[in-house]
Amino acid sequence: MHVKIEPSWAEKLKGEFEKEYFAELTEFVKKEYKDGTVYPAPKNIFRAFDLCPFDKVKVVILGQDPYHGVGQANGLAFAVEDSQAVPPSLQNIFKEIASDCGYPMSTKHGGDLTRWAEQGVLLLNATLTVRAHSAGSHQGKGWEQFTDAVIRTLSEEREHLVFMLWGNYAKAKGAHIDRTKHLVLEAPHPSPFSAYSGFFGCKHFSKANEYLISHNETPIDWL
């Protein structure tokens, strides 16, 4: 099956694209787009991969679903279009970065996060599509199997990556990571419901950069 995705990922994941579950997933997603409103726009389903080729990945941040509100989802986990208000979870991520890295809080940069992806941050949702105004509506259709394969391939074929796992859902996805080869950082989810239970103060962003520098990689400019 031909999938419009960045060439290095197309090569690494070609085995997944040929499996029966992915064919069934494709048919389901096509029908959902035809029958109603689904986010993100079709061209942005694989945007996280298109902006961050396989060999350029340094950090993986795992999300769950795309945002399901109008005009929000843009294919990057936790991110929204710059025209949209910054969601509460992303606001809390920015707060932790400001505290951790000593950056001033600024509204100059919006919530798109392309600037992170282009530096090697794979902003990966476990489920890559969602029906409008219906959180979790595309769970259990095959996306999780696909993104497990993404994580497993990165773990097996790369070294010295940083995985940020926030919340129990992301931590469960971390079962596919070889922790002898990679740095795995875990914390509660940055949602307002849990950020004060340990996300604030986790210092994941400085820890990630310290790890990258120790392995002769350029750190991420989180600002």
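Residues numbered from 1 in each chain as written. Predicted model: local features only at pLDDT ≥ 70, side-chain atom pairs only at ≥ 80, totals over all residues. Heavy atoms only, no water.

Peer 1: Which parts of the structure should I look at to understand the overall build of the protein?
Peer 2: The helix and strand tally for the protein stands at nine helices and six strands. A globule of 223 residues ought to have a C-alpha radius of gyration of about 17 Å, and the protein, at 17 Å, matches this closely. For the protein, the proportion of its 223 residues judged to be buried stands at 53%. Sequence separation of at least 24 residues holds for 67% of the intrachain contacts in the protein that already meet a minimum separation of 6. Working note: accessible area of the protein is about 10400 Å², and carbon and sulfur atoms make up 51% of it. (Helix = DSSP H or I, 4+ residues; strand = E, 2+ residues; numbered from the N terminus. Rg over C-alpha atoms; globule rule 2.2 N^0.38 Å. Buried < 20%, exposed > 50% of the residue type's maximum accessible area, 1.4 Å probe, protein only. Contact = heavy atoms within 4.5 Å. Areas by Shrake-Rupley, 256 points an atom, 1.4 Å probe, with all protein chains shown as cover.)

Peer 1: I would appreciate a short explanation of the packing of aromatic side chains in the present structure.
Peer 2: Where two aromatic rings form a pair, the distance of their centres and the angle of their planes describe that pair. A full pass over the atoms with the stated rule returns 20 aromatic pairs. For the pair W143 and F146, a centre-to-centre distance of 5.9 Å together with 65° between the ring planes defines the contact as edge-to-face. Placement of both W143 and F146 in helix α7 (residues 143–157) is noted, with a separation of three residues, approximately one turn of the helix. For W143, a relative accessible area of 3% corresponds to the buried category. (Phe/Tyr/Trp six-rings, centres within 6.5 Å; stacked < 30°, edge-to-face > 60°.)

Peer 1: What exactly am I supposed to notice about the side chain of T114 here?
Peer 2: Position of T114 among the secondary structure elements: in helix α6 (residues 114–117). A relative accessible area of 14% means that T114 is categorised as buried. At a separation of 2.8 Å, a polar atom in the side chain of T114 contacts the side chain of D112. For T114, the contacting residues outside a window of four places in its chain are R47, L51 and L76. (Polar contact = N/O pair within 3.5 Å; in protein donor to acceptor, adjacent residues only side chain to side chain.)

Peer 1: Is there a simple way to think about the pattern of salt bridges in this case?
Peer 2: Any two side chains of opposite charge can pair, so long as their charged atoms come close to each other. Scanning the entire structure with this criterion turns up eight salt bridges. With its nearest N and O atoms 2.6 Å apart, the salt bridge here joins K12 to E157. With K12 in helix α1 (residues 7–12) and E157 in helix α7, this pair connects stretches of sequence that are 145 residues apart. Its relative accessible area of 34% is what places K12 among the partly exposed residues. Of the residues examined, E157 reaches a relative accessible area of 44% and is grouped as partly exposed. In this structure, the salt-bridge partner of E186 is R179, at a minimum N-O distance of 3.1 Å. Residue R179 is classed as partly exposed on the basis of its relative accessible area, which comes to 44%. (Salt bridge = Lys/Arg side-chain N within 4 Å of Asp/Glu carboxyl O.)

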